Amino acid sequence: MSTDAIVLLKEDHKEVRRLFRAFEAAGEDAQAVKADLVSRMVEALTVHTYIENEVMYPAVRELVPDLESDILESYEEHHVADVLCAELDAMDPGDERFDAKTTVLIESVGHHMEEEEGDWFPKIRPPSDARNFKRSALACSKSAPTHPGGRSIPAR
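Read on for an overview of the structure. Throughout, a residue's number is its position along its own chain's written sequence, starting from 1. For a predicted model such as this one, the threshold for reporting local features is a pLDDT of at least 70, and the threshold for listing and counting side-chain atom pairs is 80 or more; totals across whole chains, interfaces and linings nevertheless cover every residue. Side-chain figures throughout are based on the complete set of non-hydrogen atoms in the structure, without hydrogens or water.

A look at helix α2 (residues 31-63)
Along an α-helix, residues three or four apart share an orientation, since each turn contains 3.6 residues. Let me state the cut-off plainly: Note on conventions: DSSP H or I runs of at least 4 residues are helices, E runs of at least 2 residues are strands, and numbering of each starts at the N terminus. Working rule for helices: expected span equals 1.5 Å times residues minus one. The reported bend at a residue is simply the angle between two axes, fitted to the 7 residues ending at it and to the 7 residues beginning with it.
End to end, α2 covers 45 Å across 33 residues, agreeing with the expected 48 Å (1.5 Å per residue, within 8%). Of all the bends in α2, the largest measures some 40° and sits at E52.

A word on helix α1 (residues 5-25)
Operational definition: Burial classification: accessible surface area is computed with a 1.4 Å probe over protein chains only, and a residue below 20% of its type maximum counts as buried, one above 50% as exposed, and the rest as partly exposed. The arc in question is the one spanned by the directions pointing from the helix axis to the C-beta atoms.
With 21 residues, α1 extends 30 Å from end C-alpha to end C-alpha; this agrees with the ideal 30 Å at 1.5 Å per step. Residues of α1 that are buried: A5, I6, L8, L9, H13, V16, L19, F20 and F23. End-on view of α1: buried residues confined to an arc of 160°, all on one side of the axis. For α1, exposure combined with an orientation more than 90 degrees from the buried face picks out K14, R21 and A25.

Points about the packing of aromatic side chains
To keep things clear, this is the line we draw: Side-chain rings of Phe, Tyr and Trp, where Trp is taken by its six-membered ring, are said to pair if the distance between their centres is within 6.5 Å; with planes under 30 degrees apart they count as stacked, over 60 as edge-to-face, and otherwise as tilted. For a Lys NZ or an Arg CZ to count as sitting over a ring, it must be within 6 Å of the ring centre and within 35 degrees of the ring normal.
With the rule as written, the count across this model stands at three aromatic pairs. Where W120 meets F121, the ring centres are 5.5 Å apart and the plane angle is 85°; that geometry is what we call edge-to-face. Judged on exposure class, the residue W120 and its partner F121 are both buried. Among the aromatic residues, ring-to-ring pairing joins Y57, Y75, W120 and F121 into one connected group. The ring of F23 has K34 lying over it, and the distance from NZ or CZ to the ring centre is 5.3 Å.

Quick word on the packing of α2 against helix α4 (residues 98-120)
Counted only if it meets this: Every axis corresponds to a line fitted to the C-alpha atoms, with the helix fit spanning only the stretch in contact, and the corresponding angles, defined between N-to-C directions, vary from 0 to 180 degrees. In this scheme the crossing of two helices becomes right-handed for a clockwise turn of the near helix relative to the far one and left-handed for an anticlockwise turn of less than a right angle. The criterion used for residue contact is that any of the two residues' heavy atoms lie within 4.5 Å.
Viewed as axis vectors pointing N to C, α2 and α4 meet at an angle of 35°, and their least axial separation amounts to 12 Å. The way α2 lies across α4 gives a crossing that is left-handed. Every residue of α4 that contacts α2 at K34, A35, V38, M41, L45, H48, E52, Y57 and V60 is listed here: F98, D99, T102, L105, I106, V109, H112, E116 and W120.

Examining the nonpolar core
Rules: Grouping buried Ala, Val, Leu, Ile, Met, Phe, Trp, Tyr and Cys residues that are joined through side-chain atoms within 4.5 Å yields what is termed a nonpolar core.
If you look at the biggest cluster of nonpolar residues, it comprises 19 residues, and the most contacted ones within it are F20, F23, V38, M41, L45, L105 and V109. Elements that contribute at least two residues to this core include exactly α1, α2, α3 (68-89) and α4. In contact with F23, not counting residues within four places along its chain, are K34, L37, V38, M41, F98, D99, T102 and I106. Residues Y57, V60, Y75 and F121 belong to the second largest nonpolar core, which totals 12 residues.

Focus on the pattern of salt bridges
A side chain of one charge can pair with a side chain of the opposite charge if their charged atoms are brought near each other. Quick note on the threshold: Whenever a carboxyl oxygen of Asp or Glu lies within 4 Å of a side-chain nitrogen of Lys or Arg, that contact is scored as a salt bridge.
The final tally for this structure, using the stated rule, is six salt bridges. Where K34 meets D99, a salt bridge forms, and the shortest distance between an N and an O atom there is 2.7 Å. Taken together, the residues K34 in helix α2 and D99 in helix α4 connect sequence positions 65 residues apart. In this structure K34 comes out as buried when scored by relative accessible area, which is 5%. Take D99: its relative accessible area is 25%, and that puts it in the partly exposed class. A salt bridge links E87 to K101; its shortest N-O distance comes to 2.7 Å. Residue E87 is found in helix α3, and its partner K101 is found in helix α4; the two are separated by 14 residues along the sequence. E87 gets classed as partly exposed once you look at its relative accessible area, which sits at 35%.

Structure (structure tokens):
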């Protein structure tokens, strides 16, 4: 397994993108499939955003002060994703806004992942820091919530 936390986060992104594509490819009447996919999206995103909020972003704020505005924007993007995940978690796939809300989640998170991977992940790749991030991220993932609710986004 790689010692690079960025690789770990990118692997999470790949899995989330795979779930997004599967949802988009599901038929209009595939409610059971969509319900399962959204449940898996919610869990993956809840764990992933928790790790970034608790481990990655605080460390990056210290190590790369030039990324402060990017980190603050990322906290807000996570907040939006968390709200959408909580709402989707409480919805039935037959609800008229289920597909639309999922589409907004997909678009929002897709944009967020592109920004992270393209704009600022390359700026935080020093191997020693990445190893520390990964150790902390793996430890954090063991206690990360898997469903929305009871989570707090740092109000920094």
